[in-house]
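The chain contents come next:
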Amino acid sequence: MIKKIIYVAMGLFALYITLCLVGPKKIHVERSIVVNALPEIIKPKLADFKFFQEQWSPWAEKDPNMKTNFEGETGRPGSKYSWQGNKEVGSGSMELIAINGDSILQKIVFTAPHSSGGDVYLLTTPNGNATTVSWGVRFDVNFMTRGFMLFMNMNKLIGDDYDKGLEKLKIVIEAMPVTKSYNGYEIKEVAWPQTIYYGKKETVPFDKLNGFMMEIFPKIFNDAVISNLQHTGAPSGLFYSYDEQKKQTECAAVISVPNGQKLKGWEKLSVPASAALLLIYHGDYAKIKEAYAALDQYLQENGLTHGLGIEEYIVGPLTDEKDTAKWVTNIYYIINNTNNIEVRI
């Protein structure tokens, strides 16, 4: 009886060794997705392990209590991410090895529930105004594991998680404001929410614009205080037209208020929800034309047109800041709805 058991065991072992001889020596899995963003927007995020863990890891949701640790400079070769989790996610580490052109190379090492490792890569391929992001892994299979791998669909097991991760990445990246640089100014595509204003609208010569704003704002704020009106955001200028020939602009000095509130004696002006461009301008108003030139260049190069212009005076004369280098103005261009630009709200 014992001999039969031994013979059976030896036969099974021989069979398994045979399976190991024909089993896969390497495993390669890759998944791809098209993300509506340019490669230069996506690549830094793919090299950021913390962004991966917090935003698009397909395994983070499998263990909300996973312990993580980050080492090195974010997005630089040598940076490292390690984790310890439950049975589903195990434990291990990932290291950023290199960033070469359109590829990001990583080394992954698992320490539990078993020891293994492989090479991970992320590719960003331009696809018109979008990017095809490919996520893949290659790892060697040791001899005694190859037989077992014949019965495991690793392409599906790993691939399903990769698909989930890439879908999350697409959602997160496409929800981010798009930022581009023009003439040294950063311009973002943002969602403008519906906003209600009260103030005074008038056609004003260029050389009297500052005086107009400085005269109106104190009066509006005074009436708002008397009326116990809650205003939201910074005092703003709405610019409906800009006539270089006549040297004048149709504009309004306004404050924003919660929907439903009213300010007697002042004109109500509403700006509907729309796509918009945002440029944050630093400094006095002497060079603000350069910021507008950058916005106009952005419009031209992207085939867009704008309607209303909005300036939010975050820091400046109205806040009694004397140092003009510390002045901050948010400049918005409301994009005409006829253009092909996504409104992200």
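As the structure is a computational prediction, the values presented were derived from the model and not from experiment.

Cut-offs used in this document
- Residues numbered from 1 in each chain as written.
- Predicted model: local features only at pLDDT ≥ 70, side-chain atom pairs only at ≥ 80, totals over all residues.
- Heavy atoms only, no water.
- Helix = DSSP H or I, 4+ residues; strand = E, 2+ residues; numbered from the N terminus.
- Buried < 20%, exposed > 50% of the residue type's maximum accessible area, 1.4 Å probe, protein only.
- Contact = heavy atoms within 4.5 Å.
- Areas by Shrake-Rupley, 256 points an atom, 1.4 Å probe, with all protein chains shown as cover.
- Phe/Tyr/Trp six-rings, centres within 6.5 Å; stacked < 30°, edge-to-face > 60°.
- Polar contact = N/O pair within 3.5 Å; in protein donor to acceptor, adjacent residues only side chain to side chain.
- Salt bridge = Lys/Arg side-chain N within 4 Å of Asp/Glu carboxyl O.

**Structural notes on the overall build of the protein**
Within the protein one finds seven helices and 16 strands. The buried share among the 345 residues of the protein stands at 41%. Nonlocal contacts in the protein, meaning residues at least 24 apart in sequence, comprise 66% of its contacts between residues at least 6 apart. Surface summary for the protein: the accessible area is close to 19,500 Å², and the carbon and sulfur share equals 54%.

**Topic: the packing of aromatic side chains**
Under the defined criterion, the tally for this structure stands at 20 aromatic pairs. Ring centres of F52 and Y81 lie 6.2 Å apart, and the angle between their planes is 75 degrees; on these two criteria the pair is classed as edge-to-face. With F52 in helix 3 (residues 49-56) and Y81 in strand 3 (residues 80-84), this pair connects stretches of sequence that are 29 residues apart. The exposure class of Y81 is buried, given its relative accessible area of 3%.

**Considering the environment of D284**
With respect to the secondary-structure elements, D284 resides in the loop between strand 14 (274-282) and helix 7 (288-301). By relative accessible area, which is 29% here, D284 ends up partly exposed. Apart from residues lying up to four places away in sequence, D284 is in contact with T324 and W327. A polar atom in the side chain of D284 sits 3.1 Å from the backbone nitrogen of A286.

**Focus: the pattern of salt bridges**
Taken as a whole, this structure holds ten salt bridges when the rule is applied. Among the salt bridges present, the one from E73 reaches R76, with a minimum N-O distance of 3.7 Å. In this structure, K201 and E250 form a salt bridge, with 3.6 Å as the shortest nitrogen-oxygen distance. You can see K201 sitting in strand 10 (residues 195-205) and its partner E250 sitting in strand 12 (residues 248-257), a full 49 residues away along the chain. K201 sits in the partly exposed class, given a relative accessible area of 30%.

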